[in-house]
Amino acid sequence: MIFDLMNVSYSYVGGINALKDISFKVSPGEQISIIGSNGSGKSTLLTILDGLIYPTVGEFYALDNKITEDVFDTIKDNAFRSYFRTRVRLVFQNSDVQLFSPTVFEEIAFGPLQLNLTPEEVKTRVLEVMEMIGITKLKDRSPHTLSGGEKKNVCIATVLANDPDVLLLDEPTAEPGPENSAMADKAITGVRDSGKNYNYCHS
Ligand SMILES: Nc1ncnc2c1ncn2[C@@H]1O[C@H](COP(=O)(O)OP(=O)(O)O)[C@@H](O)[C@H]1O
Ligand SMILES: [Mg+2]
């Protein structure tokens, strides 16, 4: 099982109830969409699925392990945490929190450079991912000068360059303008047709 949520509720500090009694499972190869109005808890749910926050009530299993704050405690040596972080990747709703490099190429290369790859392998992987998403022409641009939809596609590419199994996308097609949603659609279709059997959950 990729994800298994049992009666999950989540309240932010201050008592804002963002999720109430959510239960569902995601099996390998399954693709799911989360639909709901603004403020209904979609981002909160994806943040739980990415192991960044933990249910206040209920149980959350990911990759067949129970996820608790203790499991992701950064002080302790924990093989599952590193495994989970390489397998599950979230593209945030706000692209600006994810982008920090001087060029799109370096942005996408950042993740693979942390893996055990040669510089040549990193370059090949970055070029492949850019081709797949359709952003090769943005290679030397500064991420901060891109349009909302272009930024979103670069964020999707940075995540894919790490070769995850589970892709979490928070409102990937929500950037205003028809050309932006068309670009994000193209990126998602590129991923789906790439031959890799991603699990992907998007809101
Ligand atoms: N960091 C936070 N602190 C306090 N309340 C929050 C925080 N983030 C979201 N919320 C609240 O939690 C609820 C769900 O928000 P969110 O998960 O962002 O919904 P969606 O993504 O569906 O728009 C909303 O009422 C929102 O105001
Ligand atoms: Mg949201």
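Residues numbered from 1 in each chain as written. Chains lettered and ligands numbered in written order. Predicted model: local features only at pLDDT ≥ 70, side-chain atom pairs only at ≥ 80, totals over all residues. Heavy atoms only, no water.

Caption draft 1: Layout of the overall build of the protein. A tally of helices and strands in the protein yields six helices and eight strands. Seen in sequence order, the protein has helices and strands lined up from the N terminus as β-β-β-α-β-β-α-β-α-α-α-β-α-β. Rg of the C-alpha trace for the protein: 17 Å, near the compact-globule value of 17 Å for 203 residues, within the 12% margin. With respect to the principal axes defined by its C-alpha atoms, the protein has extents near 45 × 40 × 30 Å. Each of the 203 residues in the protein was classed as buried or not, and the buried ones make up 46%. Relative to all contacts within the protein whose residues are 6 or more apart in sequence, the contacts with residues 24 or more apart total 64%. (Helix = DSSP H or I, 4+ residues; strand = E, 2+ residues; numbered from the N terminus. Rg over C-alpha atoms; globule rule 2.2 N^0.38 Å. Buried < 20%, exposed > 50% of the residue type's maximum accessible area, 1.4 Å probe, protein only. Contact = heavy atoms within 4.5 Å.)

Caption draft 2: Structural context of the pattern of salt bridges. Counting across every chain of the model gives six salt bridges. We note a salt bridge from Glu59 to Lys66, for which the minimum N-O separation is 3.5 Å. A salt bridge links Asp140 to Lys139; the nearest nitrogen and oxygen atoms lie 3.6 Å apart. On the basis of relative accessibility, which here comes to 27%, the residue Lys139 falls in the partly exposed class. (Salt bridge = Lys/Arg side-chain N within 4 Å of Asp/Glu carboxyl O.)

Caption draft 3: Highlighting the coordination of the magnesium ion (ligand 2). For the magnesium ion (ligand 2), the full set of protein donor atoms is Ser43 (OG) and Gln93 (OE1), and the range of their distances to it is 2.0 to 2.2 Å. In this pair, Ser43 is assigned in helix α1 (residues 42-49) and Gln93 in the loop between β6 (88-91) and α3 (104-113), connecting sequence segments 50 residues apart. Overall, the relative accessible area of 26% leaves Ser43 in the partly exposed class. (Donors = N, O, S within 2.8 Å, 3.2 Å for Na, K, Ca; no water.)

Geometry only, nothing functional implied.
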